[in-house]
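# Fold and geometry: a report
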Amino acid sequence: MARSHSRPISPDSAAKRLKTSHTVVAEPVSSFAQGLFDHNVTSKLHKSYKTSEPFKYAIVEKLFEDELLKSVKDECLSELSFTEKETDIYKVNQTGDLASLNYLSQEQISLLPNLLTLRNALYSQKFRSFLQTVTGCGPLSGKKQDMSVNSYTQGCHLLNHDDVIGTRRVSYILYMPLPNYTLWQKDWGGALELYPVKEGPDGILEPESMPSKSIPPSWNQFIFFEVQPGRSFHSVEEVVVGGEGDDGRQRLSISGWFHAAQEGEEGYISEPAAPETKSSREQLASTSTAFTPYSPQPEAPHPDSPLSDEHIGFLSEFLNPVYLQSRTMETLSARFASESSLELHSFLSNPLAEALQPRLRELDARDGLGSDRSSRIPPHTSGTSGAWRIRGPPHKWRYCVLNPPAANAPREAVSPRAAHESSDEILRSLQDELFSSHAFRAWLAVISGLLPLSYASEARRFRPGLDYTLATSEEKDVRLDVVLGLTPGLVQEEKKERSSLSTALDDVRGWQSAEWGGWECYMAPHNEEDDPAVYRSASQRKPSATVNTSNGTSNGHDHDPTNGNDASSNENKAPSPPVSDDDEQMHDEEDESTLLTVQPGFNRLLLVLRDERVMRFVKYVSAAAEGSRWDVCGEYEVGMVADDEEDKH
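Below is a short write-up of the structure. Here the residue index of a chain counts from 1 through its sequence in written order. Thresholds applied to this predicted model are a pLDDT of at least 70 for local features of residues and 80 or more for the giving and counting of side-chain atom pairs; totals over whole chains, interfaces and linings are not thresholded and use all residues. The basis for every side-chain value is the complete set of non-hydrogen atoms in the structure, without hydrogens or water.

## Section: the overall build of the protein
Helix numbers and strand numbers start at the N terminus; a helix is a DSSP run of H or I with at least 4 residues, a strand a run of E with at least 2. Helix and strand counts for the protein come out as 15 helices and 27 strands. For the exposure calls, accessible area comes from a 1.4 Å probe over protein chains only, and a residue counts as buried if that area is under 20% of its type's maximum, exposed if over 50%, partly exposed in between. Buried positions account for 55% of the 649 residues belonging to the protein. Here the analysis covers contacts within the protein between residues at least 6 apart in sequence; of these, 83% occur between residues at least 24 apart. Total accessible area on the protein is roughly 29,000 Å²; 47% of this is exposed by carbon and sulfur atoms. When checking whether two residues touch, look at their non-hydrogen atoms; a contact exists if any pair is within 4.5 Å. With residues, only the protein chains shown are counted as cover, and all accessible areas are computed by Shrake-Rupley using a 1.4 Å probe.

What follows is the structure in structure tokens.
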């Protein structure tokens, strides 16, 4: 998709224009479907709204006159410019804020007469009163308008959140799925998913791991609900159609918010009461990890001390022997001190790696998560019938972890570890034996020059079309992140049947091309006024060097951040609504906001020293992926070791 920064209307010149005649319509009723404002219709919607689950919402099956909506659809596709936007929480093609249509010239607005009619009808006093009657939400603003056109094509998605920001009061979405003459099929994805809530460990409401309501898009359908902190949790399922040969299928919609009455409007409240429940945004900012401290015995290792024979003996069952050689460890330690990150390929011993990779593929196939699964988007329960369970809450993360062993279950020592009968037991051994061991603690101390004080480790399974983590950070302390990537590569065909071209194409598709998501990403600290859950990224940009690996090569993708309403290069199109100079500056600054990205791979250990307030996440794994993304993730609290000479002063 083209990304042009040409804007026929500058923010300065647009700001000087008055919001004149195109902000008001005399009679909006004729734009809406016949009978919408009848008392019986309104009363029925109100009753349905009050009793709806998992939270209060309402559906109007036909909001506007069909001819008007078809004309709006045509204008959106022919006259507006869409920008692909991707963050930790969404991927979507979006126009600018349609409230800024007021700033366009009469000549430009003449290209969008039906869209302007629709927008003015939505924010008219008549329709706002209708929404107040149905929801009981209180006065809504007519002058603060907040809406855009969104196109969800193949791979687009929106993850779990509650929409709580600023003065938003009612969220809405008006569907125009394409082609409009075809009924949108459930297995195309794109459903609006609604989540029930439960009380979390800290007493704060949080969403359940799976939605209880799924609403596929339908032409001219209008869904709305009152924005409720800690309750109105929802997501948009990934769209899995829209590629070549799909008749131009896309989940096209107009969505936005009605805000509370603003200053100068009837019903304005200068200081509204603080909500009783934290929003999803606030809960993301307060995330913390539960660590287990190391036992006092044996004595803590010193980073300058070599590994003991006992430690080498234990680690040799897990690690590639090259990473236990003194010379290699010295080289890695010097590089880590310089760069604060390492990626070590072929980290596990050959027997362990060779036992694990085919078994992970087999487990995906058995759980309906492999490349030959019947539905591109698997059920939310996929992969949870055996040793795995879902870990949420989904407004922070969703992925699968191993069930804890039964309280009285006997623990069998298996040696060598590759002799375990299942991939689950090998992963449990890495999680419970290796990552928490004093031997691995000593190895990490030598490589990092720091002393691990406590640890948290878990084997993770990110299922295609379902799982991710959102951006979180540690506000006060430095962390050592240790992630052992175990995602199997693409299954290769017989070499004799493959040309060099097909082999090269395989090298740039899937995980390594960022086509399937699942990358580990580190972002620079955000400004206080920014949403900590959102970074900007364009995954279509090809990778540049972001991670130095043990052999001096690079791995990963440096995503080109975008956040603007980019106009199309087509001069005949109406420009996207103008953006401010601050947005242009943000676009430039965000080129440097991505500190590190690493694509999924098999048998690769990533070590990163993460400073306070640096954000970290695992990008949503696309339904296009041919299997799960696997890893064992360790997080360590670390400290500096004081020299004896320093202790004397």
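Back to the text.
## A short note on the side chain of Gln221
Tracing the backbone through its elements, the reader meets Gln221 in the loop between β10 (213-215) and β11 (222-226). According to the relative accessible area criterion, Gln221 is buried, its value standing at 4%. Among all residues touching Gln221, those that are not within four sequence positions of it are Ile59, Val60, Glu61, Ile173, Leu174, Tyr175, Ile215 and Pro216.

## Topic: the pairing of strand β6 (residues 168-175)
Both faces of the sheet carry side chains from a regular strand, because those side chains alternate between them. A large share of β6 lies buried, amounting to seven of its eight residues. One ladder, built from seven bridges, connects β6 with strand β13 (residues 251-260); its direction is antiparallel. Directly across from Val170, in β13, lies its bridge partner Phe258. Sheet analysis places β6 next to β11, joined by five bridges and oriented antiparallel. Residue pairing in the sheet places Ser171 in a bridge with Phe225 of β11. Two strands are counted as paired when DSSP detects at least two bridges linking them.

## Details of the packing of helix α3 (residues 66-79) against helix α5 (residues 113-122)
The interhelical angle for the contact between α3 and α5, taken along N-to-C directions, is 120 degrees, at an axis separation of 8 Å. Here α5 runs oblique to α3, going by the angle between their axes. With respect to the hand of their crossing, α3 and α5 are arranged in left-handed fashion. For the pair formed by α3 and α5, the contact residues are Leu68, Leu69, Ser71, Val72, Glu75 and Cys76 on the first element and Pro113, Asn114, Leu115, Thr117 and Leu118 on the second. Lines fitted to C-alpha atoms define the axes, with helix axes restricted to the stretch in contact, and inter-axis angles between N-to-C directions lie between 0 and 180 degrees. The cut-offs work like this: below 35 degrees is roughly parallel, past 145 is roughly antiparallel, 65 to 115 is roughly perpendicular, and the gaps in between are oblique. Helix crossings fall into two classes, left-handed where the near helix is turned counterclockwise from the far one by less than a right angle and right-handed where it is turned clockwise.

## A look at the nonpolar core
It is characteristic of soluble globular proteins that their nonpolar side chains tend to be buried jointly. Counting residues in each nonpolar core, the largest one holds 51 residues, and the members touching the most others are Phe347, Leu427, Leu430, Phe440, Trp443, Leu486 and Tyr636. Considering every element that reaches this core, the biggest residue donor is helix α12 (residues 438-448), with seven residues. If we ignore the near neighbours within four places in the chain, the residues touching Leu427 are Leu356, Leu360, Trp388, Leu402, Ala459, Leu486, Trp630 and Val632. Residues belong to one nonpolar core when they are buried, are Ala, Val, Leu, Ile, Met, Phe, Trp, Tyr or Cys, and are joined through side-chain atoms within 4.5 Å. Leu63, Leu68, Leu98 and Tyr172 belong to the second-largest nonpolar core, a separate cluster that totals 45 residues.

## Some remarks on the pairing of strand β25 (residues 602-610)
Across the nine residues that make up β25, a large majority, eight, are buried. Looking at chain direction, strand β15 (residues 341-345) and β25 are connected through five bridges and run antiparallel. Paired with His345 across the bridge in β25 is Arg604. Bridge count between strand β20 (residues 479-486) and β25: eight bridges; the pairing is antiparallel. Within β25, the residue paired with Val483 across the bridge is Leu606.

## Here we look at unusual backbone geometry
The amide bond that connects Glu53 to the next residue, Pro54, takes the cis arrangement and shows omega of 10 degrees. On the secondary structure map, Pro54 appears in the loop between α2 (39-51) and β1 (58-60). Going from Gly392 to Pro393, the amide bond is cis rather than trans, its omega being 5 degrees. Relative to the assigned elements, Pro393 resides in the loop between β16 (388-391) and β17 (397-402). Located in the positive-phi region is Ser346, a residue other than glycine, with phi close to 50 degrees. Looking at the element boundaries, Ser346 is found in the loop between β15 and α10 (350-366). Judged by its relative accessible area of 41%, Ser346 is partly exposed.

## Here's the deal with the packing of aromatic side chains
For this analysis, a ring pair means two rings from Phe, Tyr or Trp (six-membered ring only for Trp) whose centres lie within 6.5 Å, classed as stacked if their planes differ by under 30 degrees, edge-to-face if by over 60, and tilted for the remaining angles. This structure, assessed with the given rule, holds 23 aromatic pairs. Ring plane angle 15 degrees and centroid distance 4.8 Å describe the contact between Phe32 and Phe64, whose orientation is recorded as stacked. Here Phe32, found in the loop between α1 (11-16) and α2, pairs with Phe64, found in the loop between β1 and α3; they are 32 residues apart in sequence, far enough to count as distant. Pair check on accessibility: Phe32 and Phe64 agree, each one buried. Taken together, the aromatic side chains of Phe32, Phe37, Phe64, Tyr123, Phe127, Phe130, Tyr172, Phe222, Phe224 and Phe258 make up a single cluster linked through ring pairs. For a lysine, the NZ atom is tested; for an arginine, the CZ atom; a charge sits over a ring if that atom is within 6 Å of the ring centre and within 35 degrees of the ring normal. Cation over ring: Lys126 sits above Phe37, and NZ or CZ is 5.2 Å from the ring centre. Sitting above the plane of the Tyr399 ring, Arg460 keeps its charged end 5.5 Å from the centroid.

## What about the sheet that holds strand β26 (residues 615-618)?
The three strands are arranged β24-β21-β26 in an open sheet whose pairing can be described as antiparallel. Two strands bound the open sheet, and with one partner strand each, they are β24 (594-598) and β26. Neighbour-to-neighbour, the strand axes of the sheet open up by a mean angle of 10 degrees, direction not taken into account. With four bridges connecting them, strand β21 (residues 520-523) and β26 associate as antiparallel partners. For Cys521, the partnering residue across the bridge sits in β26 and is Phe617.

## Remarks on the side chain of Asp163
With respect to the helices and strands, Asp163 occurs in the loop between β5 (157-161) and β6. Counting rule for charge: Lys and Arg are taken as positive, Asp and Glu as negative, and neither His nor the chain ends is counted. Each salt bridge in this description consists of a side-chain nitrogen of Lys or Arg and a carboxyl oxygen of Asp or Glu lying within 4 Å of one another. Look at Asp163: it is buried, it has no salt bridge, and the nearest opposite charge is Arg168 at 4.0 Å. For Asp163, the side chain forms a polar contact with the side chain of Trp257, separated by 3.1 Å. Polar contact is defined as a pair of N or O atoms within 3.5 Å, subject to the rule that within protein one atom must be able to donate a hydrogen and the other to accept it, and that residues adjacent in sequence are counted only when both atoms are side-chain atoms.

## Focus: α5
A turn of α-helix holds 3.6 residues, and therefore any two residues three or four places apart point the same way. The buried count for α5 comes to seven of 10 residues, which makes it a mostly enclosed element. Residues of α5 that are buried: Leu115, Leu116, Leu118, Arg119, Asn120, Ala121 and Leu122.

## What about the packing of helix α9 (residues 326-339) against α12?
Across the interface, α9 lies against α12 with an axial gap of 7 Å and an inter-helix angle of 60 degrees. Between α9 and α12, the interaxial angle falls into the category oblique. Of α12, the residues touching α9 (which contributes Met329, Leu332, Ser333 and Phe336) are Trp443, Val446, Ile447 and Ser448. All amino acids are sorted into three groups, where Ala, Val, Leu, Ile, Met, Phe, Trp, Tyr, Cys and Pro are nonpolar, Asp, Glu, Lys and Arg are charged, and the leftover types, Gly among them, are polar. Looking at the contact of α9 with α12 residue by residue, the classes come out as six nonpolar, two polar and no charged.

Distances and angles like these do not, on their own, reveal function.
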